[in-house]
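Overview (structure and organization)
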Amino acid sequence: MKLLKTIDLNDLVFIDIETVRLTDSLEKDSDLYKSWEYKLRYTKENEDIENKPLEISYKQKAALYAEFGKIICITIGKIQDDKIKIKSFYSSDEKELLLGFSKAVDAILSSNKKAILCGHAIKG
């Protein structure tokens, strides 16, 4: 908490990323199905999904893994003149969304060398 007292809130850039799974459901014997099965077999970080049928675990957790999900929205927020400014980037085209987001973050970082990116689990 001491660290937070030393940070100027105007330097914080808040980020929230929303993802969805690539497909609505798994088709038995598809490459995606086999990949998800492989992922669960060799992933010990979340044992509760290993004990569920593949289709159920896919619907619940696939969006959390980059190789099985896609980004549909990124929202950035900033405090400026005691007001919160928010901008959302959304598109079904992930490349377009990321390019727009990247351009905005580059502009923010080039205008404020002390800017700090802040978000929940953004390092993952």
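A word on the overall build of the chain. Counting its secondary structure elements, the chain contains five helices and four strands. Taken against the 2.2 N^0.38 rule, which gives 14 Å for 124 residues, the C-alpha radius of gyration of the chain at 18 Å runs more than 25% over that of a compact globule. With respect to the three principal axes, the spread of C-alpha positions in the chain is 55 × 35 × 20 Å. Per-residue burial over the chain gives 29% buried out of 124 residues. A total of about 9200 Å² of accessible surface is found on the chain, and carbon and sulfur atoms cover 54% of it. Across the chain, the mean location of the 21 positive side-chain charges is 5 Å away from that of the 21 negative side-chain charges.

Below, the discussion takes up a nonpolar patch on the surface. Residues Leu109, Leu117 and Ile122 make up a contiguous nonpolar surface patch of roughly 220 Å² in combined accessible area. When you line up the elements, isoleucine 122 lands in the segment after strand E4 (116–118).

Contact geometry for helix H2 (residues 31–41) and helix H4 (residues 54–61): axes closest at 11 Å, N-to-C directions at 85 degrees. Between H2 and H4, the angle is such that the two are roughly perpendicular. Side by side, H2 and H4 meet where Leu32, Tyr33, Trp36, Glu37 and Leu40 of the first sit next to Leu54, Glu55, Ser57, Tyr58 and Lys61 of the second.

Definitions and limits used
- Residues numbered from 1 in each chain as written.
- Predicted model: local features only at pLDDT ≥ 70, side-chain atom pairs only at ≥ 80, totals over all residues.
- Heavy atoms only, no water.
- Helix = DSSP H or I, 4+ residues; strand = E, 2+ residues; numbered from the N terminus.
- Rg over C-alpha atoms; globule rule 2.2 N^0.38 Å.
- Buried < 20%, exposed > 50% of the residue type's maximum accessible area, 1.4 Å probe, protein only.
- Areas by Shrake-Rupley, 256 points an atom, 1.4 Å probe, with all protein chains shown as cover.
- Lys, Arg positive; Asp, Glu negative; His and termini not counted.
- Charge placed at Lys NZ, Arg CZ, Asp CG, Glu CD.
- Patch = residues over 30% accessible without salt bridge, like charges linked within 9 Å, V, L, I, M, F, W, Y side chains within 5 Å.
- Salt bridge = Lys/Arg side-chain N within 4 Å of Asp/Glu carboxyl O.
- Axes fitted to C-alpha atoms, helices over the stretch in contact; angles between N-to-C directions.
- Parallel < 35°, antiparallel > 145°, perpendicular 65-115°, else oblique.
- Contact = heavy atoms within 4.5 Å.

Without other data, these values stay purely geometric and don't point to any function.
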